[in-house]
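# Survey of secondary and tertiary structure
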Amino acid sequence: MWDALRTQYDKVKDRRFETLFGSQRAEEFRATLSTGDGDLLLDYSKTNIDFEGRALLVRLMEDAGVAARRDAMLSGETINETEGRAVLHTALRNLDGGPVEVGGTDVMPGVLETLGRMEGFAEAVRDGTFAGAGGAITDVINIGIGGSDLGPAMAVRALAPYHDGPRCHFVSNVDGADIAGVLRQCDAGTTLVIVASKTFTTIETMTNARTARAWMSDAVDDPAAQFAALSSSEEKTSDFGIPAERVFGFEDWVGGRYSIWGPIGLSLMIAIGPAAFRAFLRGGQAMDRHFATADWFENLPALMAMVGLWHNQVCGYPTRAVLPYDDRLARLPAYLQQLEMESNGKRVAMDGGALDVPSGPVVWGEPGTNGQHAFYQLIHQGTQVVPCEFLIAAEGHEPELRHQHELLIANCLAQSEALMKGRDLDEAREKIAGKFEGDELERQAAHRVFPGNRPSVTIAYPKLTPFMLGMIIALYEHRVFVEGAVLGINSYDQWGVELGKELATALGPIVSGEEAPDGKDGSTAGLVRFLQERATSP
Ligand SMILES: O=P(O)(O)OC[C@H]1O[C@H](O)[C@H](O)[C@@H](O)[C@@H]1O
């Protein structure tokens, strides 16, 4: 099927897809998920995918058995084969969807019980029933990294208009600068520290948690009373001294980068309240139902995956830019970097054999319009094609600034139009005709040509509500699933992060001077010496 797709690409690669727009293209190459809480539209008509290409992409998914694998995931089978686990983050948002079994046991009673405990605790923090030594909680610090940070940090920022709880801070980096900057803003007597770590062994998180505990001990008599833990290892949380009533556990079938929907979302729940958090879950659930049942031609995650596979594995475009025209989604690109690149950045298929196609693009991005004044130059005129993904809401949360939102929309739509249409030499000449002549006119005009024919998709929605954010995140999760299933890889392990961790542990005593850097390569040893010699504090 890849060969057929490559042949299709060779056939269409010099065609300007702008010319495809005739009677029906815009309607045929978009899909909408309509719900009572808002509609989500995916427009992928500004790509070089035509009816033939799309039919081949659907066959690619069918040949890979994506539907069967999807059903296996949703019904709790052990699809994460390299770790021997089910993949069931969908159960965390299965609010009224009936039983989900893992190994013959329904997991839903446990999921709903934990959700209820989280809600009770979040309410108590919000209404002051749960207080610190100095009174009602004013600040919450979530200490976690990777999946235990990026989800809540992204969502808390995205849903800022719904905040009516204490302030939320996020500490992730082992660089002391991160925690020092946050602690400076908080009063220990009125701060709740949430230690978020699925494994409760991650060195950055445990180091920051100990620093926070020491800071708290200096100010309050019982620091453990102002700590909560989110983890799948309840034994380790009690070793750290966090009482069971403030430990919110989850099972190993929730992957770190898919964990925002459960206990790892506690800081978000405290910020926006349990009702809004449930709306977020319902948004995810609406996308799950759509993904499980919609025809591939209408299925948003599948269509997003088809576009992704076409651009990276078939056309060979090495990166993809995520460009939210929604400032509160500023952390979405970072969140998606983990979701997509940690899930599908793999060179070996499930059977251990090498992949014969690229493993997925580098994902990057920044909110618009900021990026327009920075890296869009390369997107428009650089030598490589960067498929773009635009996100835009019909309205913002600032009705009094409607004129600014209209400018935002105009800019977003202008970018995808410019990428598609470009500007040819004649138009470029015309623009500057009065200013230059002869050879100089030719030279100057060449710099003002935009090749165009550069693909993008646009995701549009009414407003960034908790429900809508839930739909958007679940859309991306299932897109990753479909791409991984087509590539035949396991999207749910992450062995690629292990080697660096092992080497960092071994380098610890060398950096602190307890051991000599003997045996290290010359570059590493030289860097250790340079940094040791220039450190002025012990
Ligand atoms: O939640 P934790 O167990 O502390 O893990 C935090 C993160 O670190 C690991 O190295 C993984 O690469 C991530 O997938 C994970 O989200």
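Right, let's talk about the sheet that holds strand 10 (residues 227-231) for a bit. Two strands in a sheet stick together by hydrogen bonds in their backbones, pointing the same way (parallel) or opposite ways (antiparallel). Taken together, the 5 strands give an open sheet; going across it, the order is 8-7-9-10-11, and neighbouring strands pair in parallel fashion. Edge strands, defined here as strands with exactly one partner in the open sheet, are strand 8 (167-171) and strand 11 (247-249). Going across the sheet, the axis of each strand differs from the next one's by a mean of 20°, ignoring polarity. In the sheet, strand 10 pairs with strand 11 via 3 bridges, with the strands oriented parallel. Counterpart to A229 in the pairing with strand 11 is V247.

Attention shifts here to the site of the ligand. Surveying the vicinity of the ligand reveals 14 residues, the closest of which are G146, G147, S197, T202 and G256. A per-class count over the shell around the ligand returns 2 nonpolar, 9 polar and 3 charged.

With that settled, the discussion passes to helix 13 (residues 332-344). Counted at 1.5 Å a residue, the expected span for helix 13 with its 13 residues is 18 Å, and the 17 Å between its end C-alpha atoms agrees. Extensive coverage of helix 13 is indicated by the burial of 10 of its 13 residues. Those residues of helix 13 that sit buried are L332, P333, Y335, L336, L339, E340, M341, E342, S343 and N344. Packed against the buried residues of helix 13 are helix 6 (150-158), strand 12 (319-325), strand 13 (362-364) and helix 18 (466-487).

Let's shift gears to the sheet that holds strand 12. Spatial ordering of the open sheet is given by 1-2-15-14-12-13, a layout of 6 strands whose pairing is mixed. Each having just a single partner strand, strand 1 (30-33) and strand 13 make up the two edges of the open sheet. For this sheet, the mean inter-axis angle between neighbouring strands, taken without regard to orientation, is 15°. Strand direction decides the pairing type here: strand 12 and strand 14 (residues 388-393), joined by 5 bridges, are parallel. Bridge pairing in strand 14 links Y325 to I392.

Reading the values: the criteria
- Residues numbered from 1 in each chain as written.
- Predicted model: local features only at pLDDT ≥ 70, side-chain atom pairs only at ≥ 80, totals over all residues.
- Pairing = 2+ DSSP bridges.
- Helix = DSSP H or I, 4+ residues; strand = E, 2+ residues; numbered from the N terminus.
- Axes fitted to C-alpha atoms, helices over the stretch in contact; angles between N-to-C directions.
- Near = placed C-beta within 6 Å.
- Nonpolar A, V, L, I, M, F, W, Y, C, P; charged D, E, K, R; others polar.
- Expected span 1.5 Å × (residues − 1).
- Buried ≥ 20, exposed ≤ 12 C-beta atoms within 10 Å, placed from the backbone.
- Contact = placed C-beta atoms within 7 Å.

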